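# Understanding the architecture of this molecule
One-letter residues, chain by chain:
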Amino acid sequence: MRKLLMIPFLLVLGTQIQAQDDIKGIWMTQEANSKIEIYEKEGQCFGKIVWLKEPNDRKGNPKTDQNNPDKSLRGREILGSDMLTELKYEQGAWRGKIYAARKGRTLDVAIRTRSTDVLDLEVSVRGFSRTQQWSRDTL
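Residues numbered from 1 in each chain as written. Predicted model: local features only at pLDDT ≥ 70, side-chain atom pairs only at ≥ 80, totals over all residues. Heavy atoms only, no water.

Time to look at the layout of surface pockets. Unoccupied space between atoms shows up once a probe the size of one water molecule is rolled over them. When its volume is computed, the largest pocket comes out at roughly 1200 Å³. Lining the largest pocket are 37 residues, with Asn33, Ala100, Ala101, Arg102 and Lys103 positioned closest to its centre. In terms of residues, the lining of the largest pocket owes the most to one element, strand 8 (residues 128–136), which gives five residues. (1 Å grid on protein atoms, 1.4 Å probe; cavity = no way out; pocket = protein on both sides within 12 Å on 5 of 7 lines; lining within 4 Å. Points joined across faces, edges and corners; volume = space filled by probe spheres on them. Helix = DSSP H or I, 4+ residues; strand = E, 2+ residues; numbered from the N terminus.)

This is how it looks when you write it as structure tokens:
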């Protein structure tokens, strides 16, 4: 009887572990203008920009984080910077922060795996939310 009671627990645990592993990898954004590598570091996940469709500005220089509210960070290159931070798996989703470089704002994000090849990102600010889908990059 005790073994039978353990089966549902193990199934739920296995599903949660699978969902946690599915997020790592390289993802193409919905607009197909950048690729983000989601990786784990010290028990949290982060997302680093590893490819930009247009990595350079009009003068041919690498794009920088010119809208960052922290003036000391405005010179850092967008390519290679983390845009997803503090991601922890809670209540069926990865929850953390997403940095929108175009606006220089950090927003709440919840990421759910739709399948092994599709992520749903729900970005929230002041009670409003917007969802977009990212697809796994298949290099």
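Turning our attention to the pattern of salt bridges. One pass over the structure, following the stated rule, counts seven salt bridges. Across the salt bridge formed by Arg76 and Asp65, the nearest N and O atoms sit 3.0 Å from each other. Remark: Asp65 occurs in the loop between strand 3 (44–52) and strand 4 (82–90) and Arg76 occurs in the loop between strand 3 and strand 4; sequence separation between them is 11 residues. When its relative accessible area of 31% is taken as the criterion, Arg76 is described as partly exposed. By relative accessible area, which is 1% here, Asp65 ends up buried. Among the salt bridges present, the one from Asp117 reaches Arg136, with a minimum N-O distance of 3.7 Å. Of this pair, Asp117 sits in the loop between strand 6 (105–115) and strand 7 (118–125) while Arg136 sits in strand 8; the two residues are 19 residues apart in sequence, bridging distant segments of the chain. (Salt bridge = Lys/Arg side-chain N within 4 Å of Asp/Glu carboxyl O. Buried < 20%, exposed > 50% of the residue type's maximum accessible area, 1.4 Å probe, protein only.)

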